[in-house]
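A look at the structure
Next come the chains, spelled out residue by residue.
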Amino acid sequence: MTDNKRKDFIEENELNLGLDTLAIRSGISRTHEGEHCEPIFTTSSYVFESAEQAAARFSGDEEGNVYSRYTNPTVRTFEDRIAALEGAEAAVATASGMSAILSTFLALLQAGDHVVCSRSVFGTTTMLFTKYLQKFGIGVSFVSLTDVSGWEQAINSKTKCLFLETPSNPLCEVADIAQLSELAHANDCLLIVDNCFCTPALQRPLDLGADIVVHSATKYLDGQGRCLGGVVVGGAEHMDQVLGFIRTCGPTLSPFNAWIFLKSLETLNLRMQAHSVNALEVAWWLNEQPQIEKVYYCGLPTHEGHTLAREQQKHFGGVLSFKVKGKREDAWSFINATRILSITANLGDAKTTIVHPATTTHGRLSDEEKQQAGISDNLIRVAVGLETAKDIIDDLDRGIHAL
Ligand SMILES: *Cc1c(COP(=O)(O)O)cnc(C)c1O
């Protein structure tokens, strides 16, 4: 990093900048070459001017880069920009969304601790708890996302944090972040929110009282399905602990991926608005089709999370699901009849994706768990992309005609 920060270093608080400006300009630090676009520092290590400087860098007496598992300027720019967007003191980038979640728990918890987690979190997050963290003595209780008394009852003297995603996947249930933060803090716990579905363009959990936000950058932060990454966001002290874990254990974000995310963030707000507008149009259309049993989208006034989503989010996001009238075969026929939509479990892409949760994303759940989570055989999830809304609707209409 150079001192040439003139207009490039933005005093965010001083100028009180808007979301789009932060997404485009925060975190930039130009080199002496004067490049306008953020450069990619593809280097694993850094050279020192002298043995003395090397010693000072290693001891921490002098700030600066040592090795890219510790710091990398492109990754740092991404971290600073995400921190600015989430309104946080600091952020730590990771190699994937899962490593963001893993690193947070391993940095902040120890054997004997307990976590209360929403039942409707990303499937791999559930597995992280049941298959791995429990093995190392970290207990977990799963509760309904929207039942506050359930959260309260599940907290015990060992509980250190509450973990949730809102809106949930795939039924778009909405949790009251402010209320659950109060509950967490009254019990000396942290509230950790996976903000992957909304991104800071639509929802800022830290403003509502949450302590830490985690992201799979793979989804909307990239927005074009190109690479994996993750990020943890929160107070400086917590982020120091997470950074310590990343430096030691190594799930570091690559500078190339960080650069992709930096470019993506420039259009984050525009994209999230457009995903939301398209999804709302698709949801209203599906809602009017007699062959559809029910549509799950918090943008519809009939959805039970609608009022809360209006208060807590700037828009309703791109993911919705619906039940066709019929069985699994009908859901599959619907999916197979589409010609534009991509049959893939990914989401947060400019390309609209369609998937059958019961046999893919939620396929590992037992029948009882599926029933509890509302994942029926006739349920289809669509992550609405940025194509022309009429074309998405026409494609879904092909699905309806196959029923
Ligand atoms: C995809 C996803 C993750 C995991 O992210 P990866 O980048 O695939 O590791 C975590 N949480 C949510 C909500 C996700 O959708």
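Attention here is on the structure that accompanies the text.

Concerning the site of the ligand
- The environment of the ligand is made up of S96, G97, M98, F122, E165, D194, C196, F197, S216, T218, K219 and G229.
- Burial of the ligand by the surrounding chains reaches 92%, relative to a free accessible area of 380 Å².
- Broken down by class, the residue content of the shell around the ligand amounts to four nonpolar, five polar and three charged.

Regarding the packing of aromatic side chains
- In total, this model carries nine aromatic pairs according to the counting rule given.
- Relative to F163, the ring of F105 has its centre 5.5 Å away and its plane inclined at 55°; by these criteria the two rings are tilted. With a gap of 58 residues between them, F105 in helix α5 (residues 97-108) and F163 in strand β4 (residues 159-165) connect regions that are remote in the sequence. The exposure classification of F105 matches that of F163, with both residues buried.

Comments concerning the packing of α5 against helix α10 (residues 236-249)
- Packing of α5 against α10 brings their axes to within 9 Å, and their N-to-C directions diverge by 105°. With respect to each other, α5 and α10 are oriented roughly perpendicular. Counting all contacts with α5, which are made through S103, T104, L106, A107 and L108, the residues of α10 involved are H238, Q241, V242, F245 and I246.
- Looking at the contact of α5 with α10 residue by residue, the class counts come to six nonpolar, four polar and no charged.

Remarks on helix α14 (residues 328-337)
- Buried within α14 are the following residues: A331, F334 and I335. Projected down its long axis, α14 carries its buried residues within an arc of 95°, all on one side.
- Turning to α14, the residues buried within the fold contact β8 (292-296), β9 (319-324), β10 (342-343), β11 (353-355), β12 (379-383) and α16 (389-401).

As for the sheet that holds β11
- Here five strands make up an open sheet; going across it, the order is β8-β9-β12-β11-β10 and the pairing mixed. At either end of the open sheet lies a strand with only one pairing partner, and these are β8 and β10.
- Bridging between β9 and β12 involves five bridges; their strand directions are antiparallel. Among the inter-strand pairings, K323 is bridged to a residue of β12, identified as L379.
- Running over the sheet, helix α12 (residues 268-287) touches β8 and β9 and is turned about 15° from β9.

Quick notes on the rules
- For every chain, the first residue of the written sequence is number 1, and numbering continues from 1 onward in sequence order.
- At least 70 in pLDDT is required for a residue's local features to be given in this predicted model, at least 80 for side-chain atom pairs to be given and counted, and no such filter applies to totals for whole chains, interfaces and linings, which use all residues.
- Note that water and hydrogens are dropped before the side-chain values are worked out from all heavy atoms of the structure.
- Each residue is tested against the molecule or strand, and it is near if at least one of its non-hydrogen atoms lies within 4 Å.
- In these tables, accessible area is a Shrake-Rupley quantity obtained with a 1.4 Å probe, and a residue counts as shielded only by the protein chains included in the view.
- Note that Gly is not counted as nonpolar here; it falls among the polar residues with everything else outside the nonpolar set of Ala, Val, Leu, Ile, Met, Phe, Trp, Tyr, Cys and Pro and the charged set of Asp, Glu, Lys and Arg.
- Aromatic contacts are taken between Phe, Tyr and Trp rings whose centres are within 6.5 Å, Trp giving its six-membered ring; a plane angle under 30 degrees counts as stacked, one over 60 as edge-to-face, and the others as tilted.
- Numbering of helices and strands starts at the N terminus; helices are DSSP runs of H or I of at least 4 residues and strands are runs of E of at least 2.
- For the exposure calls, accessible area comes from a 1.4 Å probe over protein chains only, and a residue counts as buried if that area is under 20% of its type's maximum, exposed if over 50%, partly exposed in between.
- In this description, a line fitted to the C-alpha atoms serves as the axis of each element, helices being fitted only across the stretch in contact, and the angle between N-to-C directions of two axes falls anywhere from 0 to 180 degrees.
- An angle counts as roughly parallel when it lies under 35 degrees, as roughly antiparallel when it exceeds 145, as roughly perpendicular when it falls between 65 and 115, and as oblique in every other case.
- It only takes one pair of heavy atoms within 4.5 Å for two residues to be counted as in contact.
- This arc is built from the directions going out from the helix axis to the C-beta atoms.
- Two strands qualify as a pair provided DSSP detects at least 2 bridges between them.

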